[in-house]
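Below, each chain spelled out in residue letters.
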Amino acid sequence: MNIKDYYNLAFGDLDVITREINDGVITNNGDATKVLATVVSTVYAFTGKYPEAYIFATGSSEARTRLYRMGITNNLEELKNDFYVYGLRNDDTFEPFIVGEDYLGFLITRKN
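Keep in mind that this is a model prediction, so the values were computed, not measured.

How each quantity is defined
- Residues numbered from 1 in each chain as written.
- Predicted model: local features only at pLDDT ≥ 70, side-chain atom pairs only at ≥ 80, totals over all residues.
- Heavy atoms only, no water.
- Salt bridge = Lys/Arg side-chain N within 4 Å of Asp/Glu carboxyl O.
- Helix = DSSP H or I, 4+ residues; strand = E, 2+ residues; numbered from the N terminus.
- Buried < 20%, exposed > 50% of the residue type's maximum accessible area, 1.4 Å probe, protein only.
- Pairing = 2+ DSSP bridges.
- Axes fitted to C-alpha atoms, helices over the stretch in contact; angles between N-to-C directions.
- Contact = heavy atoms within 4.5 Å.

Chemist: Please clarify how the pattern of salt bridges should be interpreted in this entry.
Modeler: When their charged atoms lie close together, side chains carrying opposite charge are able to pair. Inspection of the entire model under this criterion finds five salt bridges. A salt bridge links E77 to K80, with the nearest nitrogen and oxygen atoms 3.9 Å apart. Linking E77 with K80, this pair stays in helix 2 (residues 62-82), spanning three residues, or about one helical turn. Assessed through its relative accessible area of 56%, E77 is described here as exposed. Of the residues examined, K80 reaches a relative accessible area of 38% and is grouped as partly exposed. The residue E95 makes a salt bridge to R89 at a minimum N-O spacing of 3.2 Å. The class of E95 is buried, set by a relative accessible area of 14%. Connected through shared salt-bridge partners, R89, D91 and E95 make up one network.

This is the structure we're talking about:
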């Protein structure tokens, strides 16, 4: 991102021909939980090295954003032990993540 210490979290499937990440593909291979666990592990490692980082994430579709919101909701208490978690509202402001609210995206930063 073009803001110091702000990073966009993007992930998807590797296109073996173009060698680019495709964040719009739907594989339906049942590994969503494993993928999200890997993402969380990566966020812990990255913010361990760069504790001042703010990480933004949103889905490539409304359905994916909803999936990420559900993942945050299901793990919020554990996440809040180590991170500040925010939701991006429709008016382009962030608020502390509230269970049950719809958000356009999510921002987290490591607690010191």
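Chemist: Could you clarify how one ought to interpret the sheet that holds strand 7 (residues 105-110) in this entry?
Modeler: Sheets are built from strands paired through backbone hydrogen bonds, the pairs being either parallel or antiparallel. Spatial strand order, 1-4-7-5-6: five strands in an open sheet with mixed pairing. With partners counted over all chains shown, the strands left at the sheet margins are strand 1 (6-8) and strand 6 (94-96), one partner each. Along the sheet, successive strands turn relative to each other by an average axial angle of 30 degrees, direction set aside. Bridge count between strand 5 (residues 83-88) and strand 7: six bridges; the pairing is antiparallel. For V85, the partnering residue across the bridge sits in strand 7 and is I108. Contacts from helix 1 (residues 32-49) reach strand 1, strand 4 (54-57), strand 5 and strand 7, with the element oriented near 45 degrees to strand 7. Across the sheet, helix 2 lies against strand 5 and strand 7, angled at about 150 degrees from strand 5, the strand it touches most.

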